[in-house]
Amino acid sequence: MTETRPEVRPASVPPSIRAAADWSWRVLLVAALVAGILWLLAVLKTIVVPVAVALLLAVLLRPLRVGMERRLRFPRGAATAVSVAGLIVVVTALVTLAGSQIVAGFADLRDQAVEGFDEITTWLQTGPLSLDSQQLDGYVDQLRESVMGAGATSSLVTGALGAATTVGHVLVGALIALFCTIFFLLDGRSIWTWLVNLLPIGAREKVHQAGRRGIVTLSAYVRTQILVAFVDAVGIGVGSAFFVPALALPIGILVFVGSFIPIVGAIFTGAVAVVVVLVAQGWGAALIMLGIVLLVQQAESHVLQPFLMGHAVSLHPVAVVLVVAAGSLAAGIVGALFAVPLAAVLNTVLLYFHGHDKFPELGTEDHVPLLRRRPTRASLPLGARPGALRRAVRPAATPAASSAAPAEAAVASHGGAVAVDLGTPGTADERDAGATVSPEIDEARDPERRA
């Protein structure tokens, strides 16, 4: 009797199409997740943006706070207060100085702009167009009617309401950013520990080590970007001082702030400087100013960016341009501002998860304390239950005293890093959380205390 084998039919769908279908629904699922996250961030932008700004400020101010703690022996609270107050004083002084310079300089600039407008009007009347004054007045009246025509009042009211709402959001965001900056500086390690302990136990150590490297990348980006922005501001500000001395400082501050948006910010602020010189001094001075702006930007692109920013964020210039463009399309000016640091941190973290450590000198000795659930009475061994331990530590010379050592040994051996809150050193929160508090874990919680 011969055995009949089932007929093997060729698959109706080729393996390549099956693989493409498998990839397609997974890619669509990931895209839907990313779109949902972006939508949630857009809804909560009044909170998300100030928190992101606070993180950048905390990374910027942390070396100052650590220096005051170690060298000047300041308490952490006092060092945090001095750091934040110093930042507020510096920003206020720069804004005040720039505002006074703008008020003083724009009076002259306004007169020069009026003169330039008169020159253009004269050229229109005597040039190839040969327009008379009545025709010019008619064009001006038509322009005024189109601007102040129907719907102009409602547009002004809507704009005023929108401006008031924006000012309210800015004030709320500033308060949130200040509040978060203080606590990120004061208690950032504890906040990070709490976040990491929300994850499964098996993933906590890997996420902690990746987060440490992400913070190092973010710190390098902030310091490098400040240096690049300072160089741009000094170069363009000094160049504009030859043509518009009264506005050189405001232009320099504008360039400094705009340079925090890589590539795009420098181009925009440089264009503003050229336009100001054009209005004030004419085409010749504007062309010279354009040459100065291009020279500064070329020095930034070919000297500072490759040696400083490339080492700090390890992103190719093409990637930087694409990331900035994507961020500006997704979230406007805010997206362009945070796109590069976010991409740099994600690059470092993902590379670490895939086995490539950009900062091997950090090591893995720094561990986050694991906070576990408080052991219940039923889960403890009989000799390690709280009642038995209380009886064991009584000073009276009773037979129960001889069981103190076994009871303590049982508690120490149960659960590894878990201890009951009977005479446990540390803060009330640590005792309530049931976490072991030992010198080693206390140092791991904040490595600065080991110095």
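Shown above is the structure to which this text applies.
Calculation notes
- Residues numbered from 1 in each chain as written.
- Predicted model: local features only at pLDDT ≥ 70, side-chain atom pairs only at ≥ 80, totals over all residues.
- Heavy atoms only, no water.
- Helix = DSSP H or I, 4+ residues; strand = E, 2+ residues; numbered from the N terminus.
- Buried < 20%, exposed > 50% of the residue type's maximum accessible area, 1.4 Å probe, protein only.
- Contact = heavy atoms within 4.5 Å.
- Expected span 1.5 Å × (residues − 1).
- Arc of directions from axis to C-beta.
- Axes fitted to C-alpha atoms, helices over the stretch in contact; angles between N-to-C directions.
- Parallel < 35°, antiparallel > 145°, perpendicular 65-115°, else oblique.
- Left-handed = near helix turned anticlockwise from the far one by under 90°.
- Nonpolar A, V, L, I, M, F, W, Y, C, P; charged D, E, K, R; others polar.
- Salt bridge = Lys/Arg side-chain N within 4 Å of Asp/Glu carboxyl O.
- Core = buried A, V, L, I, M, F, W, Y, C linked by side-chain atoms within 4.5 Å.
- Patch = residues over 30% accessible without salt bridge, like charges linked within 9 Å, V, L, I, M, F, W, Y side chains within 5 Å.
- Areas by Shrake-Rupley, 256 points an atom, 1.4 Å probe, with all protein chains shown as cover.
- Phe/Tyr/Trp six-rings, centres within 6.5 Å; stacked < 30°, edge-to-face > 60°.

Per the secondary structure count, the chain includes 14 helices and zero strands. Ordered by position from the N terminus, the helices and strands of the chain form the series α-α-α-α-α-α-α-α-α-α-α-α-α-α. Taking all 451 residues of the chain together, 29% fall into the buried category. A fraction of 68% describes how many contacts in the chain between residues 6 or more apart in sequence connect residues 24 or more apart.

On to helix α8 (residues 264-281), then. Relative to the 26 Å expected for 18 residues at 1.5 Å per residue, α8 spans 26 Å between its end C-alpha atoms, a close match to the ideal helical length. If you check which residues of α8 are buried, you get Gly265, Ala266, Thr269, Gly270, Ala273, Val274, Val276, Val277 and Ala280. Here the buried residues of α8 occupy an arc of 165 degrees about the axis, which is enough to place them on one side. Phi for glycine 282, located one or two positions after α8, is positive at around 100 degrees.

A few words now on the packing of helix α7 (residues 248-258) against α8. Where α7 meets α8, the closest approach of the two axes is 8 Å, and the angle between their N-to-C directions is 165 degrees. In terms of orientation, α7 and α8 fall into the roughly antiparallel class. You can see that α7 and α8 cross each other, and the crossing is right-handed. Two secondary-structure elements touch here, α7 through Ile251, Leu254, Val255 and Gly258 and α8 through Gly265, Ala266, Thr269, Val272, Ala273 and Val276. Split by residue class, the contact of α7 with α8 holds seven nonpolar, three polar and no charged.

Below, the discussion takes up the pattern of salt bridges. If you walk through the whole model with that rule in mind, you get five salt bridges. Here the residues in one salt-bridge network are Arg65, Glu69 and Arg76, joined through shared partners.

What follows concerns the nonpolar core. Membership of the largest hydrophobic core comes to 17 residues, with the highest contact counts inside it found for Ile236, Val244, Ile251, Val277 and Met289. Elements supplying a minimum of two residues to this core: α6 (201-241), α7, α8 and α9 (283-313). Excluding its chain neighbours within four sequence positions, the residues that come into contact with isoleucine 251 are Ile236, Ser240, Val244, Ala273 and Val276. Core analysis: the second largest hydrophobic core is formed by 13 residues, Val59, Val320, Val340 and Ala343 among them.

Here we come to a nonpolar patch on the surface. Taken together, the side chains of Val30, Leu33, Val34, Ile37, Leu38 and Leu41 make up a nonpolar region of the molecular surface, amounting to roughly 520 Å² of accessible area. In this fold, leucine 41 is placed in helix α1 (residues 15-43).

So, on to unusual backbone geometry. Backbone geometry places arginine 73, a non-glycine residue, at a positive phi of 60 degrees. You can see arginine 73 is positioned in the loop between α2 (45-70) and α3 (76-126). Residue arginine 73 is classed as exposed on the basis of its relative accessible area of 68%.

Our focus in this paragraph is the packing of aromatic side chains. The way to describe two aromatic rings as a pair is by their centre distance and the angle between their planes. Evaluation of the coordinates by the stated rule reveals one aromatic pair. When the centroid spacing of 4.7 Å and the interplanar angle of 50 degrees are considered together, the rings of phenylalanine 179 and phenylalanine 183 count as tilted. With phenylalanine 179 and phenylalanine 183 both in helix α5 (residues 152-196) and four residues apart, the pair spans about one turn of that helix. Exposure remark for phenylalanine 179: the relative accessible area of 52% places this residue in the exposed category. The exposure class of phenylalanine 183 is partly exposed, given its relative accessible area of 37%.

This paragraph deals with the packing of α2 against α6. Between α2 and α6, whose axes approach to 9 Å, the crossing angle comes to 80 degrees. Considering the angle they form, α2 stands roughly perpendicular to α6. The segment α2 lies against α6, with Leu55, Leu56, Val59 and Leu60 engaging Leu218, Ser219, Val222 and Ile226. Grouping the constituent residues of the contact of α2 with α6 by class yields seven nonpolar, one polar and no charged.

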